[in-house]
Amino acid sequence: MNDNSTNGIPFNRPWLSGKELEYISEAIRGGHASGNGPFTRRCQRFLERELGVKKAMLTTSCTDALEMCALLLDIGPGDEVIVPAYTFVSTANAFALRGARPVFADIRPDTLNIDEARLEKLITARTRAIVVVHYAGVACEMDAIMQTAQSHDITVVEDNAHGLFASYHGRPLGSLAPLATLSFHETKNISCGEGGALLINDPGLIGRAEILWEKGTNRARFFRGEVDRYTWVDIGSSFLPSDLLGAFLLAQLENKERIQTRRKEIWERYHTELADWAGHVGARLPVIPEDRQQSWHMFYLIMPTAAARDGLIAHLRNRDILSVFHYTPLDSSPMARRFGQPAPCPNAQSISERLLRLPFYTGLGKEDQDRVIEAVRAFHP
Ligand SMILES: Cc1ncc(COP(=O)(O)O)c(C=O)c1O
């Protein structure tokens with residue numbers, strides 16, 4: 001199913017369970033290819049059951065799910081939203097689109113997550129939300145973050161693009177705040193090419209989310225027979241994906257155990273096999289605090305210097321192995337300057353210059369992983 005015939009080792013290679021085409025044909029034959037069809041509903045029920053969330057709604061991307069969060073929270077001009085400096089643009093952009101000012105928080109040097117100790121200083125009377133990112137699927141310090149947010153009456157949103165099926169103190173990520181989002185982009189553990197989900201834990205937000213999802217109409221209530229026609233009742237957009245994507249996604253979700261087990265093995269092998277090398281060259285491997293379980297989404301290395309990081313990427317590329325850096329800190333982006341002079345985020349800057357991600361995908365075979373490990377071990381900055 002998964003072609004490993006090329007000699008180079010890519011950074012990512014989509015994994016297929018083998019059921020995708022069968023389910024997609026079923027969706028087409030069933031005559032419901034538009035959104036909110038039987039496969040979409042099966043995926044949503046799966047996520048609700050597995051994550052213990054009150055409501056899951058598939059979206060066309062995690063970006064769209066974040067935009068729904070901004071709409072649901074009535075974010076608008078004059079509002080401030082705190083986001084980590086080290087994240088993907090969508091975490092901030094979804095709120096900037098509504099006219100809010102993103103306020104960038106630096107990250108912790110260990111988990112690379114938003115530094116909860118910096119939040120108090122960033123909160124103002126205008127702060128409406130704190131968006132946290134569980135980087136690499138390792139939970140943020142959620143107890144402290146929720147406590148700070150609650151004491152100021154601020155809503156927390158979990159951008160859980162990386163952390164599906166990870167947990168914090170035994171509770172699934174995505175179930176810890178009133179709103180959370182998921183990504184099913186091709187690079188994620190579970191994928192349908194492009195896709196996402198909005199997870200709702202505050203029941204008071206579900207009714208309006210259904211309306212925003214369906215272009216601002218009360219179509220969901222109409223289909224449940226609660227109203228005799230549907231009409232325009234609020235703002236909204238077309239956030240729901242075709243049921244063909246739901247079919248693709250279900251074929252992946254049903255293989256959750258297989259996917260996660262394999263990724264855990266790959267992650268642990270990198271961690272064990274690279275520990276000595278890291279000690280010798282002054283590189284740092286990922287840190288997973290004991291009170292949380294990760295999602296095995298990514299394996300990164302933090303090199304001692306930017307030159308060593310760039311050198312290792314080039315060294316691997318010469319061996320036909322693709323490793324990649326990650327986010328450029330948002331606080332130093334051209335767009336950030338439009339919102340005023342952000343406070344510097346030195347940890348985000350330093351990590352951005354020194355981090356690289358090794359090839360990591362469900363179908364990564366032992367021999368190819370051996371090649372990556374040997375190549376990394378042969379590098380001495
Ligand atoms: C933290 C984070 N949030 C949001 C996104 C956007 O996800 P999507 O491509 O599904 O819109 C990404 C992309 O990888 C991400 O890393």
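Residues numbered from 1 in each chain as written. Predicted model: local features only at pLDDT ≥ 70, side-chain atom pairs only at ≥ 80, totals over all residues. Heavy atoms only, no water.

Participant: Would you mind going over the overall build of the chain with me for this structure?
Facilitator: The helix and strand inventory of the chain stands at 14 helices and 12 strands. Over its C-alpha trace the chain gives a radius of gyration of 21 Å, about what one expects of a compact globule, namely 21 Å for 381 residues. In the chain, which comprises 381 residues, the proportion classed as buried is 57%. Put simply, of all contacts in the chain between residues at least 6 apart along the chain, 70% involve residues at least 24 apart. When the accessible surface of the chain is summed, it comes to about 16100 Å², and 51% of that surface belongs to carbon and sulfur atoms. With 42 positive and 46 negative side-chain charges, the chain shows a separation of 2 Å between the mean positions of the two kinds. (Helix = DSSP H or I, 4+ residues; strand = E, 2+ residues; numbered from the N terminus. Rg over C-alpha atoms; globule rule 2.2 N^0.38 Å. Buried < 20%, exposed > 50% of the residue type's maximum accessible area, 1.4 Å probe, protein only. Contact = heavy atoms within 4.5 Å. Areas by Shrake-Rupley, 256 points an atom, 1.4 Å probe, with all protein chains shown as cover. Lys, Arg positive; Asp, Glu negative; His and termini not counted. Charge placed at Lys NZ, Arg CZ, Asp CG, Glu CD.)

Participant: Can you help me understand the environment of Leu245 in this one?
Facilitator: In this fold, Leu245 is placed in helix α9 (residues 243-253). Judged by its relative accessible area of 26%, Leu245 falls in the partly exposed class. Put simply, Leu245 and Gly195 are 50 residues apart on the chain and 7.7 Å apart in space, counted from C-alpha to C-alpha. Ignoring anything within four residues of it in the chain, the contact list for Leu245 reads Cys192 and Glu194.

Participant: Just checking my understanding: could you explain the domain arrangement of the chain for this structure?
Facilitator: It is common to report an interface's size as the accessible area lost on association of the parts. With domains assigned, the chain is organised as domain 1 (20-253) and domain 2 (256-377). If you average the C-alpha positions of domain 1 and of domain 2, the two centres end up 25 Å apart. In this assembly, 43 residues from domain 1 lie in contact with 34 residues from domain 2. For the pairing of domain 1 and domain 2, the buried interface totals around 3200 Å² over both sides, and the portion due to carbon and sulfur atoms is 60%. (Domains from an automatic or database assignment. Buried area = accessible area lost by both parts, 1.4 Å probe.)

Participant: Just checking my understanding: could you explain the layout of surface pockets for this structure?
Facilitator: Roughly 530 Å³ of volume is contained in the largest pocket. Every residue lining the largest pocket is counted, 29 residues in all, and those nearest its centre are Phe88, His162, His185, Thr187 and Lys188. If you list the elements that add at least two residues to the lining of the largest pocket, you get α3 (62-72) and α4 (89-96). Among the elements that make up the lining of the largest pocket, the one with the highest residue count is α3 (three residues). Looking at side-chain class alone, the lining of the largest pocket contains 10 nonpolar, 14 polar and five charged residues. Looking at which domains feed residues into the lining of the largest pocket, each of domain 1 (20-253) and domain 2 (256-377) gives three or more. Of the voids in this model, the second largest pocket is the one considered here, and its volume is about 220 Å³. (1 Å grid on protein atoms, 1.4 Å probe; cavity = no way out; pocket = protein on both sides within 12 Å on 5 of 7 lines; lining within 4 Å. Points joined across faces, edges and corners; volume = space filled by probe spheres on them. Nonpolar A, V, L, I, M, F, W, Y, C, P; charged D, E, K, R; others polar.)

Participant: How should unusual backbone geometry be read in this particular structure?
Facilitator: A negative phi angle characterises most non-glycine residues, just as the trans form characterises most peptide bonds. Phi at Asp74 is positive, roughly 55°, even though this residue is not glycine. With respect to the helices, strands and loops of the structure, Asp74 is situated in the loop between α3 and β2 (80-84). Of note, the phi angle at Phe165 is positive, near 75°, even though the residue is not glycine. Phe165 sits in the buried class, given a relative accessible area of 12%.

Participant: Sorry, what's going on with the sheet that holds strand β3 (residues 101-105) here?
Facilitator: One key point about sheets: their strands pair by backbone hydrogen bonds, in either a parallel or an antiparallel sense. Spatially, β1-β9-β8-β5-β4-β2-β3 is the arrangement adopted by the seven strands of the open sheet, whose pairing is mixed. The open sheet has two free edges, formed respectively by β1 (55-59) and β3, since each of these has just one partner strand. Pairwise comparison of adjacent strand axes, ignoring direction, gives a mean angle of 20° for this sheet. Two elements, β1 and strand β9 (residues 196-200), share five bridges in a ladder whose sense is antiparallel. Across the sheet, the residue bridging to Met57 is Leu198, located in β9. The sheet strands contacting α4 are β2, β3, β4 (127-133) and β5 (155-159), and the helix crosses β2 at an angle near 175°. Sheet strands touched by helix α6 (residues 142-151): β4 and β5. Its angle to β5, the strand with the most contacts, is close to 145°. (Pairing = 2+ DSSP bridges. Axes fitted to C-alpha atoms, helices over the stretch in contact; angles between N-to-C directions.)

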